[in-house]
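Next come the chains, spelled out residue by residue.
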Amino acid sequence: MSKLIYILFLIKTATNFLLRSWRSTSVLSFMIFSAVGTMVFLSALATGTNDAMIRNSVGLFSGHISGFNLNDKMSETSFQHKDVASILKRQVINGIISKNTNIHRVQLTGINPEEEKTNTGLWKKTVSGKYLVKNSKGLYIGANCAKFLNAGIGDKVKFTDLSGKSEHYYTINGIFKTGLTAFDDNKIFCDSGNLAFQTQLLNVAVFLKEGADIPEIINSFKNSSANENFLAWYEMMPDLKQLIEMNDISMGILTTIVFTILSIGVSCAFMIFVLKNLHEYGVMKSMGLSSSETVFLIFTEVFIMIFFAAAVGVLFGLLVVQIISGNGIDISSVTSHNKYFIISGIIYPRLTFSDLILPPVMSFVFCILAAAWPAYTVSTSKISKVMKTI
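Please read all numbers here as calculations on a predicted model, not as lab measurements.

Conventions used here
Counting of residues starts from 1 at the beginning of each chain's written sequence and follows it residue by residue. This being a predicted model, a pLDDT of at least 70 is required before a residue's local features are given, and a value of 80 or more before pairs of side-chain atoms are given or counted; all residues contribute to the totals for chains, interfaces and linings. Heavy atoms from the whole structure form the basis of all side-chain values; hydrogens and water molecules are not counted. Like-charged residues are merged into a patch within 9 Å and nonpolar side chains (Val, Leu, Ile, Met, Phe, Trp, Tyr) within 5 Å, provided each residue has over 30% relative accessible area and no salt bridge. Residue-level accessible areas treat just the shown protein chains as cover; the underlying method is Shrake-Rupley with a 1.4 Å probe. Each salt bridge in this description consists of a side-chain nitrogen of Lys or Arg and a carboxyl oxygen of Asp or Glu lying within 4 Å of one another. The numbering of helices and of strands both runs from the N terminus, where a helix is a DSSP run of H or I of at least 4 residues and a strand a run of E of at least 2. We treat two strands as partners when DSSP finds at least two bridges between them. Pairing of aromatic rings covers Phe, Tyr and Trp, the last counted by its six-membered ring, and requires centre-to-centre distances within 6.5 Å; plane angles under 30 degrees mean stacked, over 60 mean edge-to-face, and any other angle means tilted. Exposure is judged per residue with a 1.4 Å probe applied to protein chains only, and the accessible area is read against the type maximum: over 50% gives exposed, under 20% gives buried, and values in between give partly exposed. Only lysine NZ and arginine CZ atoms are considered, and such an atom sits over a ring when it is within 6 Å of the ring centre and within 35 degrees of the ring normal.

(A) A nonpolar patch on the surface, seen in detail. A contiguous nonpolar patch, built from Phe303, Phe307, Phe308, Phe353, Ile357, Val361, Phe364, Val365 and Leu369 and spanning about 900 Å² of accessible area, is present on the exposed surface. Put simply, the parts of the chain that give the nonpolar patch at least two residues each are α10 (291-325) and α11 (353-370). Considering every element that reaches the nonpolar patch, the biggest residue donor is α11, with 6 residues.

(B) Local environment of the pairing of strand β6 (residues 156-161). Bridging between strand β2 (residues 84-99) and β6 involves 4 bridges; their strand directions are antiparallel. Bridging across to β6, Gly95 finds its partner in Asp161. Pairing of β6 with strand β7 (residues 167-176) involves 5 bridges; the strand directions are antiparallel. Of the residues in β7, the one forming a bridge with Thr160 is Glu167. Connecting the antiparallel pair β6 and β7 is a turn made up of 5 residues, with Gly164 showing a positive phi of about 80°.

(C) Spotlight on the packing of aromatic side chains. Applying the stated criterion across every chain, the model contains 12 aromatic pairs. Ring geometry for Phe183 versus Phe189: centroids 6.2 Å apart, planes at 35°, classification tilted. Judged by relative accessible area, which is 0%, Phe189 ranks as buried. Where Phe307 meets Phe308, the ring centres are 5.3 Å apart and the plane angle is 90°; that geometry is what we call edge-to-face. In this structure Phe307 comes out as partly exposed when scored by relative accessible area, which is 49%. Ring pairing ties together the aromatic residues Phe61, Tyr131, Tyr140, Phe176, Phe183 and Phe189, which thus form one cluster. Its end group placed over the ring of Trp123, Lys117 keeps NZ or CZ at 4.9 Å from the ring centre.

(D) The pattern of salt bridges, seen in detail. Going through the model one piece at a time under the given rule, you end up with 7 salt bridges. Across the salt bridge formed by Asp155 and Lys99, the nearest N and O atoms sit 3.3 Å from each other. Of this pair, Asp155 sits in the loop between α4 (143-149) and β6 while Lys99 sits in strand β2; the two residues are 56 residues apart in sequence, bridging distant segments of the chain. Its salt-bridge partner being Glu210, residue Arg350 comes within 3.9 Å of it at the nearest N-O pair. Taken together, the positions of Arg350 in the loop between β12 (346-347) and α11 and Glu210 in the loop between β9 (201-208) and α6 (214-225) put the pair 140 residues apart, joining distant regions of the chain. The class for Arg350 is partly exposed, based on a relative accessible area of 29%.

(E) Quick look at unusual backbone geometry. Although it is not a glycine, Asn69 adopts a positive phi angle of roughly 55°. Relative to the helices and strands, Asn69 resides in strand β1 (residues 65-71). According to the relative accessible area criterion, Asn69 is partly exposed, its value standing at 47%. Unlike most non-glycine residues, Asn100 shows phi in positive territory, near 55°. Looking at the secondary structure, you find Asn100 in the loop between β2 and β3 (102-111).

Right, dumping it as structure tokens:
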């Protein structure tokens, strides 16, 4: 009990030291506060950037999960899951499209235009003509494909399946340009009721709610349908997955650099604070304060300062994120040719638990390490030498 009372006495003494030297400690506190608040916001911004790249990539057409060559008789219950937001079914036929002597190999996809427009952003990439409507007889083709055919809005083109046994004439109603070469070259669309012929196989695009467990959902689909042709977005776009991992690594390096510099500043500034009050530490040592207790006193002062400064920094960063996340940050002017911002250039900062916890934890670790130099200086100072400074 007496030891606990003594520890509380040392904590009170450390607090009094900080309060009496509030001008010095306020500078240190501001350094910690600004570093933590800034890193909380930057972490949320990095997470929001990753979210935006995923949202743009899956929202154009593919969805979070893509299923290929599935039986069109599959029951709706095969895709039921609490985290599934919507499912788009598409019939796909590979064939040849031609106009006069110009021919090009393409993939014709029969879609439900209304459902596609609600859940995907492809319609926003229309550069000429109009997007498909329900029961329309027209064709919606990529800009590169139209260029290969030397065709424009209102022109008639012929689609022939790869066997050459079935052909169908379409009128071009709309032309899109995504900037994705393979997509603009080979993808053409029509209403599912106006396919050249019906197929027993279909593709699906599954859109999920935020935070959904993708591997678990894919396993449930496979168990229900006995079909292995399901791929998550990160399997279809490994370059995007790698880019997000690189962003996370870069953010980790930046955080380490920031708090390393902060710790050096805190160490130097706190050393000045300790030297300024060195005679008081000397008096306490002359009254019986041991070296270990002196070290405890120094670390307690640093801990108290970090605790309150970091807590305010976290609250400040959280407030800034809440204010900005409402409208987001529009970077469309610098992403016009970036395929990962193909639909929208708006970033909505989002805080995860690690984004919120990591900056204050790192500030605590680095600053406590920074206190080792001042603590060592005081604990090893001889009482006789210190007393001469009084």
